[in-house]
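# Overview (structure and organization)
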Amino acid sequence: MEKPQIFIANDHGGYTLKTNLVSYLLEKGYEVQNFGCDSEEIVRYPFYAAKVARAVLETENSKGILLCSTGIGMSIMANKFKGIRAALCYSSYQARMTAAHNNSNILCLGGRCIGSFEAMDMVNLWLETPYEGGRHDISLGLIAEAEVIQFSKDWWEF
Ligand code: RB5
């Protein structure tokens, strides 16, 4: 399969890591579009998360990477978008597993929490690991259903 297009964005806390990851991704032959800020001047991460979430939803064969100081704010915001499965990861194992089991379409990383080389390893695993499908489709189907119906009391009584 053709390499996915990558949309990346960051706030001030993710700026340095973004710079390193963009170089890494370009070297690996990915097409990268940078929607992030390009300095450490304080900005509001929800706007950046929204830009990437929209781009991922609107572009076939694309994935997003969001970077703030912790990755947490970006993941909270990105997951507000129907169809977005944003995964906040702190280890290569998590990055690999979320690709294989959650078919996550956005990876969130903490620019002030992990080193650049670790982040490169995580991004590489996340992009290269195929979604396994099968039994995981059931859970992803439930998430998609929950996005539509929102939560009623009965939904989670099993
Ligand atoms: C900004 O200082 C910080 O709150 C932000 O980068 C992010 O980590 C939020 O979750």
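The structure presented is a predicted model; accordingly, all values stated were derived computationally and were not measured.

## Looking at the overall build of the protein
Looking only at helices and strands, the protein has six helices and five strands in total. The secondary structure elements of the protein, listed N-terminal to C-terminal, are β-α-β-α-β-α-β-α-β-α-α. For 158 residues, the compact-globule estimate of 2.2 N^0.38 gives 15 Å, and the protein sits close to it at 15 Å. In terms of overall dimensions, the protein has C-alpha extents of about 45 × 35 × 25 Å along its principal axes. Residues classed as buried in the protein amount to 45% of the 158 residues present. Summing over all exposed atoms, the protein offers an accessible surface of approximately 8600 Å²; the carbon and sulfur share of this is 54%.

## Brief notes about the site of the ligand
Around the ligand, the neighbouring residues are Asp11, His12, Tyr45, Cys68, Ser69, Thr70, Ile72 and Gly73. His12 places a polar side-chain atom, nitrogen or oxygen, 3.3 Å from an oxygen atom of the ligand. For the shell around the ligand, the per-class residue count stands at three nonpolar, four polar and one charged.

## A short note on helix H4 (residues 92–102)
Listed as buried for H4 are Ala95, Thr98, Ala99 and Ala100. Where H4 is buried, its residues contact strand E4 (86–88), helix H5 (116–128) and helix H6 (136–149). Asn103 sits one or two residues past H4 and shows a positive phi near 45°.

## Notes on the side chain of Gln5
With respect to the secondary-structure elements, Gln5 resides in strand E1 (residues 5–10). In this view, Gln5 contacts Glu31, Gln33, Thr59, Asn61, Ser62 and Lys63; residues no more than four positions away in its chain are not counted.

## A short note on unusual backbone geometry
Trans is the prevailing form of peptide bonds, just as negative phi is the prevailing case for residues other than glycine. Although it is not a glycine, Asn61 sits at a positive phi angle of roughly 45°. You can see Asn61 is positioned in the loop between helix H2 (45–58) and strand E3 (62–68). We note that Asn103 has phi near 45°; this positive angle belongs to a residue other than glycine. Considering the arrangement of structural elements, one finds Asn103 in the loop between H4 and strand E5 (106–110). On the accessibility criterion, Asn103 (26% relative accessible area) is partly exposed.

## Let's talk about the nonpolar core
Leu21, Leu25, Ile65, Leu109 and Val123 are the most contacted members of the largest nonpolar core, which has 24 residues in total. Contributing elements (two or more residues each) for this core: E1, helix H1 (15–27), E3, H4, E5 and H5. Of the residues forming this core, the biggest block, six residues, is contributed by H5. Setting aside anything within four residues of it in sequence, one finds Leu109 in contact with Leu17, Leu21, Leu66, Leu67, Cys68, Thr70, Gly71, Cys89, Ile114, Ala119, Met122 and Val123. Core analysis: the second largest hydrophobic core is formed by 20 residues, Ala49, Ala50, Val52 and Ala78 among them.

## Concerning the sheet that holds E1
With respect to topology, five strands assemble into an open sheet ordered E2-E1-E3-E5-E4, the strand pairing being parallel. What marks the edges here is a single partner per strand, and that holds for strand E2 (32–34) and E4. Neighbour-to-neighbour, the strand axes of this sheet turn through a mean angle of 20°, independent of strand direction. When E1 meets E2, the two strands line up parallel, connected through three bridges. Its bridge partner lying in E2, Ile8 is registered against Asn34. Relative to the sheet, H5 contacts E1, E3 and E5, its axis offset from that of E5 by approximately 170°.

Rules used in this analysis
Residues numbered from 1 in each chain as written. Predicted model: local features only at pLDDT ≥ 70, side-chain atom pairs only at ≥ 80, totals over all residues. Heavy atoms only, no water. Helix = DSSP H or I, 4+ residues; strand = E, 2+ residues; numbered from the N terminus. Rg over C-alpha atoms; globule rule 2.2 N^0.38 Å. Buried < 20%, exposed > 50% of the residue type's maximum accessible area, 1.4 Å probe, protein only. Areas by Shrake-Rupley, 256 points an atom, 1.4 Å probe, with all protein chains shown as cover. Near = heavy atom within 4 Å. Polar contact = N/O pair within 3.5 Å; in protein donor to acceptor, adjacent residues only side chain to side chain. Nonpolar A, V, L, I, M, F, W, Y, C, P; charged D, E, K, R; others polar. Contact = heavy atoms within 4.5 Å. Core = buried A, V, L, I, M, F, W, Y, C linked by side-chain atoms within 4.5 Å. Pairing = 2+ DSSP bridges. Axes fitted to C-alpha atoms, helices over the stretch in contact; angles between N-to-C directions.

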